[in-house]
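# Understanding the architecture of this molecule
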Amino acid sequence: MINQAYNFIDNKILFNNKITQATSTLAKTNEDLIIHEMAHAISYQKFANYKELQAFDIELSSIRVKVIPDGDIYSADEAIAEAFILERKGKIDELTQEVKELLEKYINKWRK
């Protein structure tokens, strides 16, 4: 597990800063911001080492996609996290087909 030695307690201030300074445009509450970060954790959970994680991160960062039809264009990793917020709110119909496919591939497969 990549984060097994990470001291989350000592980094509470860093975590709070990340939430309050988030650039997420679809998050409206702290819960939304936590859901956004959960999506990242779910997407990246399959990797046994940092090298695999980095390669995956580069791959997702190179894909550009809209979350909602009239919305901004995001890298796939951020699009997945933003879309996860709307999916959790039951607003799946607002998402583009492309981001729905990314959610299915990187998030929903872990729910089954």
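Before reading further, recall that the structure is shown in the block above.
Residues numbered from 1 in each chain as written. Predicted model: local features only at pLDDT ≥ 70, side-chain atom pairs only at ≥ 80, totals over all residues. Heavy atoms only, no water.

This next bit is on the packing of helix H4 (residues 76-88) against helix H5 (residues 97-106). As a packed pair, H4 and H5 sit with axes 9 Å apart at the nearest point and diverge in direction by 90°. When the axis of H4 is compared with that of H5, the two are roughly perpendicular. For the pair H4 and H5, contact is made by Ala-76, Ala-79, Ile-80, Ala-83, Phe-84 and Glu-87 and by Val-99, Leu-102, Leu-103 and Tyr-106, respectively. Looking at the contact of H4 with H5 residue by residue, the class counts come to nine nonpolar, no polar and one charged. (Axes fitted to C-alpha atoms, helices over the stretch in contact; angles between N-to-C directions. Helix = DSSP H or I, 4+ residues; strand = E, 2+ residues; numbered from the N terminus. Parallel < 35°, antiparallel > 145°, perpendicular 65-115°, else oblique. Contact = heavy atoms within 4.5 Å. Nonpolar A, V, L, I, M, F, W, Y, C, P; charged D, E, K, R; others polar.)

For the rest of this paragraph, the subject is the side chain of Thr-96. Mapped onto the elements, Thr-96 comes out in the loop between H4 and H5. By relative accessible area, which is 15% here, Thr-96 ends up buried. Each residue touching Thr-96, except ones within four places of it in the same chain, is listed here: Val-65, Lys-66, Val-67, Ile-68 and Pro-69. (Buried < 20%, exposed > 50% of the residue type's maximum accessible area, 1.4 Å probe, protein only.)

Aromatic ring pairs are described here by two measures, namely the spacing of the ring centres and the angle between the planes. Within the structure shown, the criterion is met by four aromatic pairs. Pairing Tyr-44 with Phe-56 gives two aromatic rings, centres 5.2 Å apart and planes at 80°, and the pair type is edge-to-face. With Tyr-44 in the loop between helix H2 (30-43) and helix H3 (50-61) and Phe-56 in helix H3, the pair connects residues that are twelve residues apart, well separated along the chain. When sorted by exposure, Tyr-44 lands in the same class as Phe-56, which is buried. (Phe/Tyr/Trp six-rings, centres within 6.5 Å; stacked < 30°, edge-to-face > 60°.)

These figures come from the coordinates and say nothing about function on their own.
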